[in-house]
Amino acid sequence: MPSLVLQGSSSFKGIYCPPGDKSISHRAVMFGALAEGESRFTHFLEAEDCLHTLQAFESMGIKINLNPGKGELQIQGAGLQGLHAPKREIYLGNSGTSIRLLLGILAGQRFEVTLTGDSSLSSRPMKRVTEPLKKMGAQIKGRDNGNFAPLTIRGGNLKSITFDNKLSSAQVKSALLFAGLFAEGETRILESLPSRDHQERFLRASGANFRREKNVLVVEKTAALTPLCTEIPGDFSSAAFFIAAASFTKGSDLLIDKVSLNPTRTGMLQVLRRMGASLEVEKTQELPEPIGKIRVRGASLKGARISRDEIPSLIDELPILMTLMALAEGESLISGAEELRVKETDRILSMVTNLNELGGKLKELPDGCMIEGVKGFRGGKVTSFGDHRTAMSLAIASLHAESSVEIEDIDCVKTSFPSFFEDFDRLKARPEK
Ligand code: S3P
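We now turn to the structure provided with this report. (Residues numbered from 1 in each chain as written. Predicted model: local features only at pLDDT ≥ 70, side-chain atom pairs only at ≥ 80, totals over all residues. Heavy atoms only, no water.)

### Digging into the side chain of serine 195
To keep things clear, this is the line we draw: Numbered from the N terminus, helices here are DSSP runs of H or I no shorter than four residues, and strands are runs of E no shorter than two. Distance and chemistry together define a polar contact, namely a pair of N or O atoms within 3.5 Å, with one atom able to donate a hydrogen and the other to accept it when in protein, and with adjacent residues in sequence counting only for side-chain atoms on both sides. Contacts are assigned to residue pairs with any non-hydrogen atoms lying within 4.5 Å of each other.
Relative to the elements of secondary structure, serine 195 occurs in the loop between β11 (186–190) and α7 (198–205). Within the structure, the side chain of serine 195 is placed 3.0 Å from the side chain of lysine 173, a separation counted as a polar contact. Looking at serine 195, its side chain comes within polar contact range of the side chain of glutamate 191, at 2.5 Å. Excluding its chain neighbours within four sequence positions, the residues that come into contact with serine 195 are Asn165, Ser168, Ser169, Ala170, Lys173, Thr264 and Pro312.

Laid out in structure tokens, this is it:
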């Protein structure tokens, strides 16, 4: 398990185009595979999680061409019923989006498949998806009554259900919206707090039988999906690490370009504004996904509160927000974020433990944490616990440490952001001579 020693503060300068969006890259492969005909995408994220999705569809007979290192993807869609049983079980590594969304698609297929993953994925709760899919008619077996991978699913003959997405999970919603394409009747999903809406945008663009009635999503059996041709926006969740770094280091002036500005993803920007960050945002495209530029300049930050209503729009940014809040002046409070405990790791526990190890003052709460800002971190040895977003947050923390920070187990950044450490080095402004 490789570790890395980081030392020294720096401002962040330049123009940065983040890698392709992870959530959209997964869905690009899935919608491309299920469409009738050839789809083409550019700026596909060539990270382990998305490559697992790609390989899963290849193993089910879909022809996919990826120009390696270029993010150009060409998919020969075989239609909603065109997948074939794979020769062996499908391994999905660390990827929660792959396994949960695939379950929704496989619920509509008439063959049996077993889905497996690494130790983190195998300990994440799947009942949230498998229970409603079983109600729709899929047969699913797995440890603890289908709560943990390996999961064996046999689909077919689905009927619609009405489901309240109380966890505000985009993965659960998306799995059921996929299954709804194969089900008799109207599958209705109620969402009181909106989660990321990429699935809805893909359904509309592909001509699915889908509509929204206020906060209820309605999908009906669909005969065919049309192929798509589009550029995948830059991932806001990856850019978030450098937005955070620049917003809190004196002299920084960083322009993030071609980044997703989907409002269901950018809740972090509102929090940063409340903290006193200097941000200028310009939208350059609205459809199929909002894209634009974010200019970040260094400022002094103060503490803020984040509560339940905002959580879905910044769920993946909480580790980096906790890092910033640990250094901001005054107190911060995060509540209503119990979902963080069932991510790749328990991110409340891992971030509180790591930031306290570096000299932060954080107190764990069942659904979040209380944070008292400190002027800077000491140095020390911390660990990602195998979680990519924890590793990257700790790298940003090192910019505000008196002495070196050793981060153990950094290889996990490959799951979502393989070029993170390279980009981190490149964007650090060299000291003027
Ligand atoms: C995702 C949804 C979120 C997010 C994950 C990606 C998606 O998970 O944390 O990184 O692409 O649908 P939940 O649905 O568990 O909130």
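Structure shown, so let's carry the discussion forward.
### Quick notes on the sheet that holds strand β17 (residues 291–297)
To keep it simple, the criterion reads: Paired strands, as defined in this entry, are two strands with at least two bridges between them according to DSSP. Note on geometry: axes are C-alpha line fits, over the in-contact stretch for helices, and angles between N-to-C directions span 0 to 180 degrees.
Taken together, the four strands give an open sheet; going across it, the order is β2-β15-β17-β16, and neighbouring strands pair in mixed fashion. The open sheet has two edge strands, β2 (13–16) and β16 (278–285), and neither has a second partner. Ignoring which end each strand starts from, the neighbouring axes of this sheet average 15° apart. Here strand β15 (residues 253–260) runs beside β17; their pairing, made up of six bridges, is antiparallel. Considered in β17, the bridge of isoleucine 256 is made with isoleucine 294. Against the sheet, helix α13 (residues 420–427) contacts β2 and β15, and its axis sits at roughly 140° relative to β2.

### Notes on the packing of helix α11 (residues 347–357) against helix α12 (residues 388–397)
Counted only if it meets this: Angles are sorted into four bins: roughly parallel if under 35 degrees, roughly antiparallel if over 145, roughly perpendicular if 65 to 115, and oblique for all others. In this scheme the handedness of a crossing depends on how the near helix is turned from the far one: anticlockwise by less than a right angle means left-handed, clockwise means right-handed.
Interaxial distance between α11 and α12 falls to 11 Å at its minimum, and their mutual angle equals 25°. Classified by the angle between their axes, α11 and α12 sit roughly parallel to one another. The way α11 lies across α12 gives a crossing that is right-handed. The segment α11 lies against α12, with Arg347, Ser350, Met351, Asn354 and Leu355 engaging His388, Arg389, Thr390, Ser393, Leu394 and Ala397.

### With respect to the site of the ligand
How we decide: When we say a residue is near a molecule or strand, we mean one of its heavy atoms is within 4 Å of it. Surface accessibility follows the Shrake-Rupley procedure with a 1.4 Å probe radius. Residue values consider only the protein chains on display as shielding. All residues other than Ala, Val, Leu, Ile, Met, Phe, Trp, Tyr, Cys, Pro, Asp, Glu, Lys and Arg, Gly among them, are scored as polar; the first ten of these are nonpolar and the last four charged. Domain start and stop points were drawn from an automatic or database domain assignment.
If you check the shell around the ligand, you find Ser23, Arg27, Thr97, Arg100, Ser169, Ala170, Gln171, Arg196, Ile315, Asp316 and Lys343 and nothing else. A distance of 2.8 Å separates an oxygen atom of the ligand from a polar atom in the backbone of glutamine 171. Here aspartate 316 contributes a side-chain N or O atom positioned 2.7 Å from an oxygen atom of the ligand. In isolation the ligand exposes 390 Å². Once the protein is present, 94% of that is buried. Looking at the shell around the ligand, the elements that each hand over two or more residues are α1 (22–34), α3 (96–106) and α6 (170–180). Looking at the shell around the ligand residue by residue, the class counts come to two nonpolar, four polar and five charged. Each of domain 1 (3–20 + 233–429) and domain 2 (22–231) gives at least three residues to the shell around the ligand.

### Considerations on the pairing of β11
Each regular strand carries side chains that alternate between the two faces of the sheet. Heads up, the rule is: The rule is simple: take the accessible area with a 1.4 Å probe, protein chains only, and divide by the maximum for that residue type; under 20% is buried, over 50% is exposed, in between is partly exposed. Looking down the strands as they point away from you, a crossover is right-handed if its path from the first strand over the helix to the second goes clockwise.
A one-sided burial pattern is seen for β11, the buried positions being Thr187 and Ile189 and the unburied ones Glu186, Arg188 and Leu190. Relative to β11, strand β10 (residues 162–164) is paired through three bridges, and the arrangement is parallel. Within β11, the residue paired with aspartate 164 across the bridge is leucine 190. The β-α-β motif built from β10, the intervening α6 and the parallel element β11 has right-handed crossover chirality. Strand direction decides the pairing type here: β11 and strand β13 (residues 216–220), joined by five bridges, are antiparallel. Bridge pairing in β13 links threonine 187 to valine 219.

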